[in-house]
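Residue strings, one per chain:
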Amino acid sequence: KENEDHNLLLKPVEGRLITMFLNHTSKSIRGQALQLLEIEKTVLNAKVIEKEVAEVLQMVKNQNLSAEKRGQMLQFLILTDPSPYVKELQELIAGTDAAEVQETAIKILSQVSGTQATQYVLENWKNIKKENKNEALNTFLKENDRIPLLLAALKKGKIPLQELDGSFRAQL
């Protein structure tokens, strides 16, 4: 019953919130629209979200947009299962010159269950920008079965110990 009530309340504004997120000039307004959508993501129309994800991915690849906006656009993927978009996320991690885009792609990729994200991080460690190394390391902490991969990578020197900051060492 409660889910139906939420659905009835969100339905009329869902499209407006999505449009606001995609098109508003204010980063703050886009962020607030995304927050509202995220709160209600369990009742969002999956087909609408999938359609918009395709548009978002095109926007993220548009080099004419600022890196900040492209990174924020990529956050739209938090509204859906990112598993079908692993290839695109991996391409953004390895092939972007924009730290904001890479950081968001790492965050979204880390939501894919299993060790695929961490394997990719290990294989592409050298492509990850210095300012995004901690975010990449956080992918190992999302699930318990990823931690042994991190420890093995540290032991083998695939991830240099000096690239771990103090707060991350404390978490380990």
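Caption draft 1: Highlighting the side chain of Lys133. Note that Lys133 resides in helix 8 (residues 133-138). Within the structure, Lys133 has its side chain in polar contact with the backbone oxygen of Trp125 (distance 2.7 Å). Within polar-contact distance, the side chain of Lys133 engages the backbone oxygen of Ile128 at 3.3 Å. Excluding residues that lie within four positions of it along the chain, Lys133 makes contacts with Trp125, Ile128 and Glu163.

Caption draft 2: Summary view of the nonpolar core. Ranked by size, the top nonpolar core spans 46 residues in total, and within it Leu74, Phe76, Leu77, Leu109 and Ile159 carry the most contacts. A per-element tally of this core places helix 3 (residues 46-61) first, with six residues. Among residues more than four places away in sequence, those in contact with Phe76 are Ile18, Phe21, Leu34, Leu37, Ile49, Glu52, Val53 and Val56.

Caption draft 3: Representation of helix 5 (residues 86-95) within the structure. Among all positions of helix 5, only Val86, Leu89, Gln90, Leu92 and Ile93 are buried. When helix 5 is viewed along its axis, its buried side chains cluster within an angular range of 160° and face the same direction. Along helix 5, the residues that are exposed and aim more than 90 degrees away from the buried face are Lys87 and Gly95. Those residues of helix 5 hidden inside the fold are in contact with helix 3, helix 4 (67-74), helix 6 (99-109) and helix 7 (116-123).

Caption draft 4: Layout of the pattern of salt bridges. Evaluation of the coordinates by the stated rule reveals six salt bridges. Among the salt bridges present, the one from Glu68 reaches Lys27, with a minimum N-O distance of 3.4 Å. With Glu68 in helix 4 and Lys27 in helix 2 (residues 27-39), this residue pair connects regions lying 41 residues apart in the sequence. The residue Glu143 makes a salt bridge to Arg146 at a minimum N-O spacing of 3.8 Å.

Caption draft 5: A look at helix 7. Burial in helix 7 covers these residues: Ala117, Thr118, Tyr120, Val121 and Leu122. Packing partners of the buried residues in helix 7 comprise helix 5, helix 6, helix 8 and helix 9 (147-156).

Caption draft 6: View of the packing of helix 3 against helix 4. Where helix 3 contacts helix 4, the axes come no closer than 8 Å and their chain directions differ by 155°. With respect to each other, helix 3 and helix 4 are oriented roughly antiparallel. For the pair helix 3 and helix 4, the sense of crossing is left-handed. On helix 4, the residues touching Val56, Leu57, Met59 and Val60 of helix 3 are Lys69, Arg70, Met73 and Leu74. Of the residues in the contact of helix 3 with helix 4, the class split is six nonpolar, no polar and two charged.

Caption draft 7: The arrangement of the environment of Lys133 in detail. Judged by relative accessible area, Lys133 falls into the buried class, the value being 10%. Along the sequence, Lys133 and Asp165 sit 32 residues apart, while their C-alpha atoms lie 9.4 Å from each other.

Rules behind the numbers
- Residues numbered from 1 in each chain as written.
- Predicted model: local features only at pLDDT ≥ 70, side-chain atom pairs only at ≥ 80, totals over all residues.
- Heavy atoms only, no water.
- Helix = DSSP H or I, 4+ residues; strand = E, 2+ residues; numbered from the N terminus.
- Polar contact = N/O pair within 3.5 Å; in protein donor to acceptor, adjacent residues only side chain to side chain.
- Contact = heavy atoms within 4.5 Å.
- Core = buried A, V, L, I, M, F, W, Y, C linked by side-chain atoms within 4.5 Å.
- Buried < 20%, exposed > 50% of the residue type's maximum accessible area, 1.4 Å probe, protein only.
- Arc of directions from axis to C-beta.
- Salt bridge = Lys/Arg side-chain N within 4 Å of Asp/Glu carboxyl O.
- Axes fitted to C-alpha atoms, helices over the stretch in contact; angles between N-to-C directions.
- Parallel < 35°, antiparallel > 145°, perpendicular 65-115°, else oblique.
- Left-handed = near helix turned anticlockwise from the far one by under 90°.
- Nonpolar A, V, L, I, M, F, W, Y, C, P; charged D, E, K, R; others polar.

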